[in-house]
Amino acid sequence: MLGWAGHILRVNLTNKTHKKESLTEEFVRTWVGGRGFAAKILYDELKPGIDPLGPDNKLVVALGPISGIPAPNTGKTVVAAKSPLTGFYGDGNLGTRVTEQLRKAGYDALIVEGKAARPTMLYIEDDRVEFLPADEVWGKGTFVTNDWIYGKYGKGVGVLNIGQGGENLARYAVIRSMEGRSGGRPGMGAVMGSKLLKAIVVKGTLPIPQADPQGMKAVGTGDLKKIHQIDKDTGWSRQGTTGVLAWCNEVAGLPVQNFRKTSHPEAWKIDGERLEKARVATYGCPTCTMRCGIAIHDKEGHEAEMDYENIGLLGSNLNVFDLDQVGSLNYLCDDYGLDTMSAGCTLSFYADAIEHGATMGDFRFGDAERAKELLRLAAHREGKLGNLLADGSLRMAREFGHGSEAYAMQVKGLEVAAYNCKFIPGMALAFGVSPIGAHHREAWIITFELKNTTRDSYGPEKAAKVIELQRIRGGLFEYIVSCRFPWIELGWSVDNYPKYFNLVTGLDWTLDDMWKVADRVYALIKLHYIREFPNATRKDDYPPAVWFDPGNADTEGPIADKYLEADKYDQLLQHYYDGRGYDDRGIPTRATLGKLGLSREAEAAAKYATLT
Ligand code: SF4
């Protein structure tokens with residue numbers, strides 16, 4: 001087996017044991033890595049119905065065959081578990097030195113089981129595994145924890161850690177690394193917290209297995225230089241993703257005031273130009289020359305690393321148009337280890353619910369100081385309000401009632417990323433059918449849709465594009481494990497990725513082979529879903545109801561009086577199901593599962609739910 005270490009490290013925190021397990025050739029070729037490994041391992045090993053915050057849940061840290069090698073933006077790692085936010089498979093990726101170090105330690109993945117008896121830091125160095133006390137940093141934020149670990153082991157080690165949000169089981173707590181990188185939006189940090197696992201530290205000393213290391217080095221380092229040059233020519237990383245804000249504002253796609261409005265005259269105060277001027281540092285993931293983390297000084301003087309989703313959801317969506325204050329909210333989320341997107345949507349939902357009389361409270365849109373306090377309450381689950389906020393917008397809405405669920409901006413429990421799809425049907429579909437809830441990562445169709453199609457079309461071409469993008473973004477990049485930005489932002493051809501894959505593995509795969517794995521992974525995540533929610537319906541693939549409400553349409557601007565039409569959305573959804581070979585509930589049919597080589601997995605699902 002070339003291109004994979006062929007081993008998984010399984011660690012049990014309850015018993016303080018560890019085991020090095022072998023992977024079969026069939027397993028690695030079927031699931032490749034990252035999201036593929038995680039989805040399969042969790043499908044086979046987790047019983048449906050388990051408590052995601054109990055010891056039976058497992059955290060999977062998974063790499064891909066090109067992870068950590070010198071090639072464009074390969075410093076990413078996938079973290080996955082049953083999500084405490086959505087109740088089924090959840091995952092995320094983050095840039096971290098764990099990627100390279102875990103591969104050098106000789107593993108393709110790490111599985112963490114059980115629950116420690118006290119706050120613990122897991123230290124892995126090749127075959128050595130230590131369970132070390134972490135009481136000293138339990139209760140501390142991610143920045144202090146990261147520094148504490150660097151103080152012990154130096155900056156070269158790979159670190160995954162959590163803040164107070166994860167410790168206190170906030171359902172949208174993330175895992176953090178390298179002081180600025182976050183991953184695992186659907187509560188992967190809370191899963192670590194539930195295991196009393198404060199941090200994972202990894203150091204490896206072995207070479208990363210590759211079929212043709214010399215060939216890969218020549219191609220990879222050459223491509224890194226080319227990407228750096230394209231980036232310099234286009235200036236993309238001067239603003240990173242934050243350049244999107246001005247465009248979203250212009251095309252009426254910006255989240256403003258809990259997605260009630262689609263643009264705002266003060267949006268320029270927090271846009272990419274402003275950030276570029278205020279920038280004090282730039283950060284990036286390992287093996288990346290595009291460094292898209294733009295840091296500014298926040299209101300309190302901390303360095304806050306920003307991206308578009310953060311300024312959209314902690315800024316315009318809360319009606320906060322003061323960049324320093326948006327920076328502060330961003331910094332606090334990062335320090336507490338909360339997902340900035342879900343945190344922003346949960347706070348905006350709370351303000352909206354107060355405004356609509358669904359609950360009482362003193363939080364108003366635009367009140368950044370109170371927002372900071374609410375983040376603190378959520379991260380510590382302090383009081384009744386802190387507990388509610390820590391549970392995310394859907395659970396809050398169910399508690400408040402009064403029809404507030406319609407404007408809880410989430411799908412399947414995961415809050416919507418920063419694109420207001422009041423009248424952007426393809427992007428609304430992308431959120432609706434994202435396999436883990438409303439994540440923008442899977443099929444960011446919005447620019448294609450607004451530039452290349454008619455905005456009011458609900459035609460099959462949009463469903464086909466969503467599938468195409470899912471195969472690349474949520475499929476290929478997540479299982480081969482590499483950052484998608486060279487392809488998205490710099491036009492770096494997707495053909496490069498089978499090239500890297502083949503050099504590393506010695507195989508001879510085409511993009512068609514790659515798409516088949518992508519479809520398999522998506523179908524398996526759907527089986528996770530149906531096992532947990534046997535009564536699933538196509539309504540589960542609908543975006544937030546408020547986007548279908550004519551009363552919520554813009555009253556002026558480019559999309560005045562426009563809104564999503566439910567019957568047309570349903571047709572669009574059907575086009576998607578037809579294109580995927582899914583049934584009317586959005587579940588892969590037995591025939592589709594068979595074609596993807598998932599007949600055994602289908603039988604396992606059929607014990608819990610009906611398959612057609
Ligand atoms: Fe990380 Fe940004 Fe580079 Fe991607 S482009 S690897 S997210 S720094």
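See the structure shown above.
These remarks concern the structure in this document.

Each value, and the rule that gives it
Residues numbered from 1 in each chain as written. Predicted model: local features only at pLDDT ≥ 70, side-chain atom pairs only at ≥ 80, totals over all residues. Heavy atoms only, no water. 1 Å grid on protein atoms, 1.4 Å probe; cavity = no way out; pocket = protein on both sides within 12 Å on 5 of 7 lines; lining within 4 Å. Points joined across faces, edges and corners; volume = space filled by probe spheres on them. Helix = DSSP H or I, 4+ residues; strand = E, 2+ residues; numbered from the N terminus. Nonpolar A, V, L, I, M, F, W, Y, C, P; charged D, E, K, R; others polar. Core = buried A, V, L, I, M, F, W, Y, C linked by side-chain atoms within 4.5 Å. Buried < 20%, exposed > 50% of the residue type's maximum accessible area, 1.4 Å probe, protein only. Contact = heavy atoms within 4.5 Å. Polar contact = N/O pair within 3.5 Å; in protein donor to acceptor, adjacent residues only side chain to side chain.

1. Focus: empty space enclosed by the protein
- Taken as a whole and judged by the stated rule, the model has 2 cavities of 30 Å³ or more.
- Size it by volume and the second largest cavity reaches roughly 80 Å³.
- Looking at the lining of the second largest cavity, the elements with two or more residues in it are strand 4 (76–82) and helix 22 (511–532).
- For the lining of the second largest cavity, a count of residues per class yields 5 nonpolar, 1 polar and 3 charged.

2. Overview of the nonpolar core
- Core analysis: the biggest nonpolar cluster contains 174 residues, and F37, Y419, M427, W547 and Y576 have the highest contact counts within it.
- For this core, the element with the highest residue contribution is helix 22, accounting for 13 residues.
- Filtering out sequence-adjacent residues up to four positions away, M427 remains in contact with Y419, C421, H440, A443, W444, I445, I446 and E449.
- Membership of the second largest hydrophobic core comes to 30 residues, among which are L59, I175, I200 and V202.

3. Section: the side chain of N310
- Within the fold, N310 resides in helix 11 (residues 308–314).
- Classification of N310 as buried rests on a relative accessible area of 6%.
- A distance of 2.9 Å separates the side chain of N310 from the side chain of N330, its partner in a polar contact.
- Setting aside anything within four residues of it in sequence, one finds N310 in contact with E305, G315, V326, N330 and T340.

4. What about the environment of Y308?
- Its location among the elements puts Y308 in helix 11.
- We classify Y308 as buried; its relative accessible area is 1%.
- Residues Y308 and A536, spaced 228 residues apart in sequence, show a C-alpha to C-alpha distance of 33 Å.
- Apart from the residues lying within four places of it in its own chain, the contact partners of Y308 are T241, T242, V244, L245, C248, L254, P255, A418 and Y419.
- In terms of polar contacts, Y308 uses its side chain to reach the backbone carbonyl oxygen of A418, at 2.6 Å.

Coordinates in, geometry out; function isn't part of it.
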